[in-house]
Each structure stands twice: as C-alpha cells, then as structure tokens.
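Per-entry structural report
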Amino acid sequence: MRMHRRTLLALAVFTGLTAPSMALAADDTIKIGLLATFEGPFTVLGEDSERGAMTAVAEMNGTVAGKKIEIVKGSSDASPDSAVRAARKLVEQDGVKVLVGPLSGDEGLAVKDYAKTQPNVTFINGTSAAQDTTLRDPAENFFRFSTDGAQWMAGLGTYAFKDKGYKKVATVAEDYSFPYTQVFGFMAEFCKAGGHVPSKSWVPIGNKDFSSVIAAIPEDVDAIYVALGGADAVNFLTQYQQGGGSAPLIGGSITVDQTVLTSKGKLRDVLKGTPSAGPTADTNDAPAWKTFVEAYKKQPGAFPSPSLFAHGYYVDMKATLLGLDQVGGDVSDGGKKLRDALSKLSFDTPTGKVSLDKNRNAIADIFLTEVTEGADGNLMNKLVKVVPQVNQTLGIPEDEFMKLGAVNRDNPSCP
Amino acid sequence: MSLLDQPSSSSLAGGGMTRRQAWGLVGLLAAAVIAWLVFAVWPDWLNAILISKKAFVSAILNGITLAGLYFLVASGFTLIFGLMRNVNLAHGSLYLLGAYIGYEVTNRTGYWLLGVAAGFAVLAIVGVVMQVFVFRRLEGDDLRQTLVSIGISIVAADLMLAVWAGGTYQITTPEWLDGALTLPIITAVRSNGASVFLTYPLYRVVVLAAAIVIGVGLWLMLHRTRVGMMIRAGVDDRAMLQASGVNVHAVFAIVFAVGAGLAGFAGVVGGSALSVAPGEDVRYLLASLVVVIVGGMGSISGAAIGALLIGLAEQIGLVYFPTYGIVLTFVIMVVTLAVRPQGIMGKAR
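Just so we're clear, the structure is a prediction, and the values are computed from it rather than from any experiment. (Residues numbered from 1 in each chain as written. Chains lettered and ligands numbered in written order. Predicted model: local features only at pLDDT ≥ 70, side-chain atom pairs only at ≥ 80, totals over all residues. Heavy atoms only, no water.)

Looking now at helix H11 (residues 248–273) of chain B. Residue and element names in this part refer to chain B. Compared with the 38 Å implied by 1.5 Å per residue over 26 residues, the 37 Å span of H11 between its first and last C-alpha is a close match. With 23 of 26 residues buried, H11 lies mostly within the body of the structure. Among the residues of H11, the N-terminal cap falls to Asn247, whose side-chain oxygen and the backbone nitrogen of His249 are separated by 3.2 Å. (Helix = DSSP H or I, 4+ residues; strand = E, 2+ residues; numbered from the N terminus. Expected span 1.5 Å × (residues − 1). Buried < 20%, exposed > 50% of the residue type's maximum accessible area, 1.4 Å probe, protein only. Polar contact = N/O pair within 3.5 Å; in protein donor to acceptor, adjacent residues only side chain to side chain.)

Quick look at the structure:
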C-alpha cells in the first residue's frame, strides 16, 4: 500500500511537470513553432535547419511588427507519426498559431493532413519536399516556399544524358515519398532525352549496410543515381568506395549537400565531380547569397556553407516573418489575414525570387551543380547553370503533368 | 524411449532410416545445394530469379559478417541477463559510446588497434562502475533495473549528442585492412572465356574472424575456467553459489565488465565497417534484443545462432524485398516465440 501511494504521488508530480504549459503568451510576444528532426538519422540535417531558421529571426533582430519572436522547438525523428506528435504538442499544448516545419518528405505529407484538422493554425513548410504535400489534395493552411524534390532536379536529367553522355543509369534511393519525388524529377528529363533506367533499388531509411545493395546493381550501367540523405548517404558512399565501385555517381539534392560533404572519411574521393541539382549552390556568387552565407555563419556550429536545409528553413521562416509583419503580428482572427498575405507574398531570397502557385507551392530558381574541392580543402557544390523559375509541374501543362500519375516506386519507369 | 521411438520414425522415413539419419540426409542435401549455389556458374534462369549470382553470394557473405557484429553486441547482453536477470536496456548506449571513444583515440593517435583496445577497456570500466553504483543497489528488482537502465540510455544518448553532435563519423581503418580479397568463387564467365571472381572487402572478413575468435574464447572461458564455472553456476542457481562461499558480487562485476567491454569493442569494429551516428544505440539494442530472444536468454551458442539468423534475414531481405525486409526479422522472432518461447538454445525455466 505504501508503494502504491508513492507511485500515485510520483504520477501526480510527473503529470504536473508535463501538463500543458498554458498558452499565456503575453501580448508583446509572438510564438512560432519550429519543427525539425533533432533526433534520429537526420539529426545533422535538423540541427542545420535550425541555424537557417534562426538566421531569418536574427535578420529581423528577433522582433516582428514590434512583437518579440518566441521560437518553440518541436523534435521529430523523420517518421511521419513523430512529426505529427511534435506538431500536436506545439499546437495543442504550447498553443502556437504559426508553425514552421517539418523537414522530411513523409513528415510533410502527415503534417499536411494534420493541418486540415487545425484550420486556425498556419503551417509553413520547412524543407519537406514530397510532391503530393501540395500537388494532390492540398491543405488550405499549408504553405511551401521551398519547392519540392522534383523541382530540385530541374536540368539534371538532360545534363547527365547530353553533357555527361550517360545512357543507362541505375538508381539507389531511400524508400519514401521524397526520394520517389527526386527520382521522378530526374527520370522525367532523363527518360525524355532517351536514357534508360534498368534497375531501381529502394532501401529502408536508416539502413547501414549497403554492400548487398551495391552488389545487386547491374555492372553495365554508365552511372548510378544516388538519392540518400545524411548518415545513409555517408554509409553508401563509404561502402561504395571500400568495395572498389567504379561507375560515376549522380547525386540527389541532399546526397551532395553540405551535411554529407563535410563528413570525415574516404568517401570524399568518390564524390568529386558528381553532378547534382538543388535549390542552392555553394559557389553562387550573387551578392544576396554571399550576404546570406555570412549571416548564416554567425550561427553556432555552422557548416562552411549553408546546407539545403538551412536554406529551406531560412526561406520559409523569412516568408513567415514577412507575412506576420504585413498583418502587424495579428493572428487573433484564426490567422486568416496572415494566410491571405502569405498567398500573395513574393519576395527576393538569397537564391532569387520566390512566389507561390495556386496550391501554395513555390516557384523558384534551381541550380545545377558539380562537386569540387574548394581552395581550403572543403568539398563544395560548384554552380554549373541556373534554371530560372521552375514551377511544380516542371514547365509541363498541368493537366498533362497530372496524367503522369502520382510518384511511387514504379512510376515513372523506362527500363 | 528409443525403443518406442524407432518404429514410428522409420515408418515415417521409409527404407528403415532412423529420424537422425533422415535429418542427416536433409542436412547433406542442403549443404550440397548451398555449395552448388556458391561455386557453380549459374544458369540464366537462376540469375533471372535471384538478380545475379554476385548479388546473392554477396548478400549471404554480408549476412554472415553482420551476424558477427550482432553476436559481439548480443553476447555481452545475454551474459548479463543470464547471470543477473538484469535486462540492461542501456546496452546499446555502451555500443555507441565505445564507437565514439574508438573514433577519438584512433583519430588522435593514428593507431586503429589502440582505438579498439580503448573501446574495450574504457567500456569495461564503465560497465563495472554501472554495476557497482547502480545495479548492485537494485538487485533482484527487475522492474526498477529495467526502468533505471532505460533512464540511463536516454541520458547517455543526449550527453553523447551534446559532446559529439549529430554528425556521422567514420573510424579510419589502417592501410593493411583496406582493399578487397578475391575469393575463389566464380560469379560469371565473360564471352572470351575468362572467369570473373567475386571480390570481397578484407575488413569484413576480419570482423567475422574476430567474432569467431571471441565467440570461441567466450565459450572456453565459460566451460573451461573456474570463473566460467562460477558464472554458469550463478546462471543456474545464484543463491546456492552464494551459499558455497563465492563472492557473487565479484563475479557480477566481471560479467558486467566483459559484457560492456564487448559492446564497446563491437562499437569500434562496427563503426569502422559502417559508421557512427546518433540512433545507433537504439538500433543495436533492438538487434541484440531480437537476437537474444531468438537464440535464448543467457546462452552464448544461442546468441551465435540468433545473430546468424537475423543477420542473414536482414541482408537477404534488403536485396530481394527491401520494403518488407524488416518484417522478415520479426517473423523469425514471432515464430520462435510461438514454437519455442525460451529461444532456440534457451533453457525452460
């Protein structure tokens, strides 16, 4: 009985500690939820996304429309249920009315569905880049200023076929919505140009041992297209190098991102010269980009150059703050004014002009890049070409684009 | 018993064979099929079904080396459980801490072997400290031990995240472990008649060899030394062992040191083959749990069999049905629990 009472007491104390920290935000602060992967296989990515978001906050000196910005962090582990759990906590316990995130593809799809149940909260994407987060069955209160994974691939398929002369390419990618979108974006152009993709390997996220996957790639392909992120990319590349892999690589946007390029080990050798495409290029010499890099570097633990995640969260946080500034920080009407402002928002980012389409998905510039070694020994994405103002249907008329069907493991296909 | 048994089994197998002989025949047949699969040049139809011989044989070899790694982690886990009935859910954290320490030492001194030794030694000390300061206080209280070890693993994960951040580290292996071995296994024949042999990373062969040596060493320690005798006696009846004048606490400390040290060792070896990143602790904890459940709690040979099954299932699943590969592991676990709840080599208690 004594034990029983003590247990009850412990439970009571525990409940008290975790009870909703009542949303008692004073009138002179505005709470913004920041949802990213601060745990699990994408931890590095999440940490850098926070630097990006905080760069945007620092740019406004921590205030918007005279109110102090209070960032409330929520952590997920790249799984959709963890993202929804974190979003629920931010919305229902911490009482945020504006939420920036999440980071990863499947998380985006899940949070979009959650957004539909919270019509008075405004959701602005982080870097999640699955196509159907905004293309099919979108949520009225979910905005994406950071483009999707297929848009990021603009120009790469043609470049691989025409300039690099690859005719047959095998793909290795993680098995979820974002890599499906990336492979779709690459193959849309590559297959149209006349290329073939005889083999596609989908591996579970968080897989460590890729040597069996590498052994199963056909030996007669000209190159391997790799769309893996974070630790997965590092493992694949290291084991590819250890196994004496000789076929050249083509990188997905996050495979040759700073989060991977800054890893230590021998994988650097296989990465040099790898072409890729994405929303950023490290050697971009536009003044706006350089200013952004300097501002970003003031954040603790920053990479030599901001990753795609820092960039995406910066753009989305910046858009959020610009929108809040326009409505004077007033979200008391359930955020309706804010959402109107965001829909019409068009602004200059470090990587060019960004505006939204009717599904609230961004139209922005995409950068074709190639990995090179910088003067200081760091690996960098060298800018090859800018593809201006890519929209979500990749320039194809919308009805024709919708006929291509939803992205999945088997779509598209050109063996 | 055998008198009663024999007629029925011989009538089952027909031809006057005993059950034992029948199993032997099945075993021989299986061995012959595997040998043929590994050494023969495959006909086209088989290549069509199993992607390619290179993929199949690599998956088998990778499964076996991965099993070696799982065995190293799980053997410590199973020893600690077997002796102390202590489900140490912080075991995965020991793996990850060992890997980080191995990385630091290797990076600073330039000697990989020193990193491996440090991973073992430091974690052995950590293990003793945990046993003396934490688990000794909770003796015989399973629930509290479990909860406290979960607590330790959560705190440890965050501390390691604070020190080493979320980056992915790769422990650099020395030059003499680099490169690939050419195995006498023909994967294909070129049109000009030249044979293509399978190459396999040397380092992975070394991992497997280390696991076998350690497995045999552990078995010898348990079955041929006085300490081993005490440990086995402790597994069977702790109270009786204590009554016969053995310092049980010292035995506990030794087991904890060996178990934790092995986890640290596996961390360095595994971190060199794959990579070191946050989240590995949970992955290896889960792997050792499954291995130990399948193999049987408290049994070294059970851990070896369990590791082999899980390693092969993971790799074959990854190549042939990657999306549902993870299911295979748990199917093995569920079947084991349904048919033989104490595990393949476990003793019914």
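Additional details are given in the paragraphs that follow.
All names here are of chain B. At a minimum axis distance of 5 Å, the contact between helix H8 (residues 202–224) and helix H9 (residues 226–236) shows a crossing angle of 80°. Relative to H9, H8 is oriented roughly perpendicular. Judged by residue contacts, Met221, Leu222, His223 and Arg224 of H8 engage Arg226, Gly228, Met229, Ile231 and Arg232 from H9. Of the residues assigned to the contact of H8 with H9, the class counts are four nonpolar, two polar and three charged. (Axes fitted to C-alpha atoms, helices over the stretch in contact; angles between N-to-C directions. Parallel < 35°, antiparallel > 145°, perpendicular 65-115°, else oblique. Contact = heavy atoms within 4.5 Å. Nonpolar A, V, L, I, M, F, W, Y, C, P; charged D, E, K, R; others polar.)

Residues and elements named next belong to chain A. Under the domain assignment used here, chain A contains domain 1 (26–147 + 286–363) and domain 2 (151–284 + 366–403). Spacing between the C-alpha centres of domain 1 and domain 2 amounts to 26 Å. Listed per partner, the contact involves 37 residues of domain 1 and 33 residues of domain 2. For the pairing of domain 1 and domain 2, the buried interface totals around 3000 Å² over both sides, and the portion due to carbon and sulfur atoms is 61%. Ranking the residues of domain 1 by area buried against domain 2 places Gln131, Trp289 and Leu308 at the top, with a combined share of 20%. For the pair domain 1 and domain 2, the number of links is one salt bridge. A salt bridge links Lys358 to Glu398; its shortest N-O distance comes to 3.4 Å. Joining domain 1 to domain 2, the criterion identifies 14 residue pairs in polar contact (both at pLDDT 80 or more). Listing elements by their share of the side of domain 1 that touches domain 2, those giving two or more residues are helix H2 (43–59), helix H4 (105–116), helix H12 (287–297), helix H13 (308–326) and strand E14 (362–373). Residues that form the side of domain 1 that touches domain 2 fall into these classes: 18 nonpolar, 12 polar and seven charged. (Domains from an automatic or database assignment. Buried area = accessible area lost by both parts, 1.4 Å probe. Salt bridge = Lys/Arg side-chain N within 4 Å of Asp/Glu carboxyl O.)

Residues and elements named next belong to chain B. With respect to the element layout, Gly179 can be found in the loop between helix H7 (142–164) and strand E1 (180–189). Placed 24 residues apart in sequence, Gly179 and Tyr203 show a C-alpha to C-alpha distance of 7.8 Å. Beyond its immediate stretch of four places on either side in the chain, Gly179 contacts Pro201 and Leu202.

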